Amino acid sequence: MDHASKNIEALIDPNAIKEIIKILKTNNRVCGSVGSLFTTQLQTFFLEMLNVYKVYSERISAAIAQQGAIATKMSLVRTMRSAKKEVLRLLVTFIDKSGPPEAGPQEVAQGFIPPVLDPILGDYQRNIAGARDPEVLTLFTTVISKLKHHVLNDVPRVMEAVFECTLLMITTNFEDYPEHRIRFFEFLKSINQYCFPALFSIPSEHQKLVVDSVVWAMKHTERNIADTGLDILHDLLMNVTKTPNVAQGFYQQFLLSLIQDVFAVMTDRLHKTGFRMHATLLQMMFHIVLTNQVTVPLFDPSKAPAGQTNQVFLRDHISNLLIMSFPNLTRTQVSKFVEGMFDLKMDLPSFKTHLRDFLIQLKEFSVEDNSGLFRDETEKKALEREQAIMAQRSAVPGMLKPSEVVDDDL
């Protein structure tokens, strides 16, 4: 580093880059072993490490500007990217292992996070899609999950840098950038869980992008992405109901479209394994309306008849939506189904059964394997069967392996 301080070109030598990668990997292993005790060691080279990251970022960007996307395949660029990734991995390990007294959340948030934002976020936002490192998303997911409200004020800035450009990368189709896709929704989930107020301190158009991205995830054909989208929406709705100052605006802008989107996913035959969460979300959203938690109109008052209520509007809206989507259904079938969904006395298992009976009536589902709709019941029966077998075996001395024996005294 002393040599590099006199001649920056020394950092660009391939052998020097490989040596830096080795040093970073060694420090990463040490940090993973000693945890927060690594703080003193990191402070000795923290700013120099960020300068190295910045130098490599600038050189990679210059190469791409001169030669286009093909530059990312060049040996020197790939080596510099490897060094950048090791910087990010070391930061992830340090933040994940940080803790009092050496590195409490507030100390890390104030001492280590601000210098990281400019070089890493700026580089990610400026770069072409193929040169963006998914480890950046992992880093800020770790920052938010570990430091929680201590970085609340930094979250809007992070979102501004990574959210829209990453969303454009992953929503072009369902195949490109799979690692970015997974990391992106983990990032969004961490914000929802630990820094929820930050989602409503960003511009309204970005708030819409957040909801749109969750809906896109729900519709994804890859099961883990779809399940993550459903989980994020569930947490989002739970948080909104606990935050009165944002709830009504959120309901007015998004609730009706979210109900339609969950219905669309539930009835598209590609997402049967998510049925339990589909039912949970629908019951939650209907309950919000039926218990008068929505005080703003979900309809256009200028076009609605006098005395229109949200409950009546939603019932009519869902009925018309189903009749238009499934012309083989009669109005009597739809009316009976909708009345059942609006029954506040119905618990979740009964609500699920009601939805499942309706789905099986549909022509689209009647000729298919619908075992995914019964996944919860199948798993419950399998567990009960396993427990019964274990009980029979435990009744006979010597039938259980030592590893299967549960010692209540331990």
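Look up: the structure comes first, before these words.
Residues numbered from 1 in each chain as written. Predicted model: local features only at pLDDT ≥ 70, side-chain atom pairs only at ≥ 80, totals over all residues. Heavy atoms only, no water.

Attention shifts here to the overall build of the chain. Across its full length, the chain holds 18 helices and zero strands. Once the C-alpha set of the chain is aligned to its principal axes, its extents read approximately 80 × 75 × 40 Å. Per-residue burial for the chain yields a buried fraction of 47% across its 410 residues. In the chain, the share of contacts with a sequence separation of at least 24, taken over all contacts with a separation of at least 6, comes to 71%. The positive charge centre, built from 43 side chains, and the negative charge centre, built from 47, are 3 Å apart in the chain. (Helix = DSSP H or I, 4+ residues; strand = E, 2+ residues; numbered from the N terminus. Buried < 20%, exposed > 50% of the residue type's maximum accessible area, 1.4 Å probe, protein only. Contact = heavy atoms within 4.5 Å. Lys, Arg positive; Asp, Glu negative; His and termini not counted. Charge placed at Lys NZ, Arg CZ, Asp CG, Glu CD.)

Applying the stated criterion across every chain, the model contains four cavities of 30 Å³ or more. In this structure, the largest cavity occupies an estimated 60 Å³ of space. What lines the largest cavity is simply L199, F200, I202, Q207, V210, V211, L236, F250 and F254. Among the elements that make up the lining of the largest cavity, the one with the highest residue count is helix α10 (residues 204–218) (three residues). (1 Å grid on protein atoms, 1.4 Å probe; cavity = no way out; pocket = protein on both sides within 12 Å on 5 of 7 lines; lining within 4 Å. Points joined across faces, edges and corners; volume = space filled by probe spheres on them.)

By the definition in use, this model includes 14 aromatic pairs. Where F200 meets F250, the ring centres are 6.4 Å apart and the plane angle is 70°; that geometry is what we call edge-to-face. One end of the pair, F200, is in the loop between α9 (178–194) and α10; the other, F250, is in helix α12 (residues 244–266), and 50 residues separate them in sequence. Taking relative accessible area as the criterion, F200 reaches 23% and is therefore assigned partly exposed. Cluster of aromatic residues (ring-pair linked, three or more members): F196, F200, F250, Y251 and F254. Positioned over the ring face of Y53 is K84, at 5.2 Å from the centre of the ring. (Phe/Tyr/Trp six-rings, centres within 6.5 Å; stacked < 30°, edge-to-face > 60°. Lys NZ or Arg CZ within 6 Å of the ring centre and 35° of its normal.)

Side chains bearing opposite charge may pair, as long as their charged atoms lie close to each other. Per the counting criterion, the structure on display carries 15 salt bridges. The salt bridge partner of D133 is K84, with a shortest N-O separation of 3.9 Å. With D133 in the loop between α6 (113–126) and α7 (134–147) and K84 in helix α4 (residues 75–97), the pair connects residues that are 49 residues apart, well separated along the chain. Here D133 and K84 have matching classes, each one buried. One salt bridge in this structure joins E135 and R89, with 3.3 Å as the shortest N-O distance. Within this pair, whereas E135 is found in helix α7, its partner R89 is found in helix α4, the two being separated by 46 residues in sequence. By relative accessible area, E135 is classed as buried at 11%. A relative accessible area of 34% means that R89 is categorised as partly exposed. Each member of the salt-bridge network shares a partner with another, and the members are R81, K84, K85, E86, R89, D123, D133 and E135. (Salt bridge = Lys/Arg side-chain N within 4 Å of Asp/Glu carboxyl O.)

Glancing now at a nonpolar patch on the surface. A surface patch of nonpolar side chains, amounting to about 240 Å² of accessible area, comprises V30, V34 and L37. Relative to the helices and strands, L37 resides in the loop between α2 (14–34) and α3 (39–67). For L37, a relative accessible area of 55% translates into the label exposed. (Patch = residues over 30% accessible without salt bridge, like charges linked within 9 Å, V, L, I, M, F, W, Y side chains within 5 Å. Areas by Shrake-Rupley, 256 points an atom, 1.4 Å probe, with all protein chains shown as cover.)

Axis separation between helix α14 (residues 310–325) and helix α15 (residues 331–341) bottoms out at 10 Å; the angle between their running directions is 140°. What the angle tells us is that α14 and α15 run oblique. Handedness of the α14/α15 crossing: right-handed. Residues R315, I318, S319, N320, L322 and I323 of α14 form the contact with α15, whose own contacting residues are R331, V334, F337, V338, E339 and M341. The class makeup of the residues in the contact of α14 with α15 is seven nonpolar, two polar and three charged. (Axes fitted to C-alpha atoms, helices over the stretch in contact; angles between N-to-C directions. Parallel < 35°, antiparallel > 145°, perpendicular 65-115°, else oblique. Left-handed = near helix turned anticlockwise from the far one by under 90°. Nonpolar A, V, L, I, M, F, W, Y, C, P; charged D, E, K, R; others polar.)

Purely geometric stuff here, so don't read any function into it on its own.
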